[in-house]
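Chain by chain, the residues:
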Amino acid sequence: MFRPALAFFALTLSSAAWSADACSVVIHSTDQMTYDLKTIAVSESCKAFTVNLRHTGTLPRNIMGHNWVLTRRDDMKGVADDGAKAGEAADYIQPGDSRVLAHTRLIAGGETDSITFDTSVLKTGEAYEFFCSYPFHSSMMKGVLTFGG
Ligand code: CO
């Protein structure tokens with residue numbers, strides 16, 4: 001009796017966490033220079049969307065720092081290049097870069113950061129790129145964010 005009830009509870013919880021209408025997501029990053037998500041689908045019903053970035057590794061941020069940066073697909077390379085020049089103190093994001101639609105802080109192993117952004121920065125049906133702007137990480141740490149029904 002007890003075991004099936006527990007299983008049902010766990011299933012319900014995980015369904016809720018992955019619901020298409022959830023206006024937030026948790027993304028894990030690692031010492032192996034990876035994200036655990038390649039796609040993030042944002043529902044048009046969300047007025048704001050929250051990204052919770054977790055670094056499950058142990059390395060310091062000057063060695064294996066990670067952030068989460070959102071841009072239009074065509075802007076990704078330029079934002080990453082300019083971010084690399086801006087340096088670690090600037091979280092590898094050029095200060096005032098208007099091509100950056102949203103971003104977290106650059107975090108170290110064991111840390112977390114969250115960003116909530118207004119979905120009015122997104123256009124329906126357009127694809128966006130999310131990535132880590134630490135130099136060279138975006139070759140592995142990137143994915144596609146979509147906005148739509
Ligand atoms: Co990184």
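Presented here is an overview of the structure given in this document.

Further remarks concern the coordination of the cobalt ion. Every protein donor of the cobalt ion is accounted for by Gly65 (O), His66 (ND1), Cys132 (SG) and His137 (ND1), and the metal-donor separations fall at 2.1 to 2.5 Å. For the cobalt ion, the four donor atoms in the first shell make angles of 81 to 129 degrees at the metal, so the coordination geometry reads as irregular. Site description for the cobalt ion: donor spacing in sequence, G-H-x65-C-x4-H. Taken individually, Gly65 and His66 each receive the classification buried, so the pair is uniform in this respect.

Before going further, it helps to spend a moment on the environment of Tyr134. Within the secondary structure, Tyr134 is located in the loop between strand 7 (127–131) and strand 8 (142–148). Judged by its relative accessible area of 12%, Tyr134 falls in the buried class. Remark: the alpha-carbon pair of Tyr134 and Ala80, spanning 54 residues in sequence, is separated by 7.8 Å. Residues contacting Tyr134, with those up to four places away along its chain left out, are Arg61, Asn62, Ile63, Met64, Gly65, Asn67, Tyr92 and Leu106. Looking at Tyr134, its side chain comes within polar contact range of the main-chain oxygen of Asn62, at 2.6 Å.

Conventions adopted
Every chain is numbered independently, its residues counted from 1 as its sequence is written. For a predicted model such as this one, the threshold for reporting local features is a pLDDT of at least 70, and the threshold for listing and counting side-chain atom pairs is 80 or more; totals across whole chains, interfaces and linings nevertheless cover every residue. Hydrogens and water molecules were not included; the side-chain quantities draw on all heavy atoms of the structure. Here a donor is an N, O or S atom found within 2.8 Å of the metal, or within 3.2 Å if the metal is Na, K or Ca; sites may look incomplete because water is not among the atoms. Under the classification used here, a metal with four donors is tetrahedral if each angle lies between 85 and 135 degrees, square planar if opposite donors are over 155 degrees apart and the others between 65 and 115, a six-donor metal meeting that same test is octahedral, and anything else is irregular. Relative accessibility decides the category of a residue: with a 1.4 Å probe and only protein chains considered, values under 20% of the type maximum give buried, values over 50% give exposed, and everything between is partly exposed. Helix and strand assignments come from DSSP, with helices taken as H or I runs of at least 4 residues and strands as E runs of at least 2, each series counted from the N terminus. Between two residues, a contact is recorded if the distance between any of their heavy atoms is within 4.5 Å. Polar contacts, as counted here, are pairs of nitrogen or oxygen atoms within 3.5 Å of one another; within protein the pair requires one atom able to donate a hydrogen and one able to accept it, and residues that are adjacent in sequence qualify only if both atoms are side-chain atoms.

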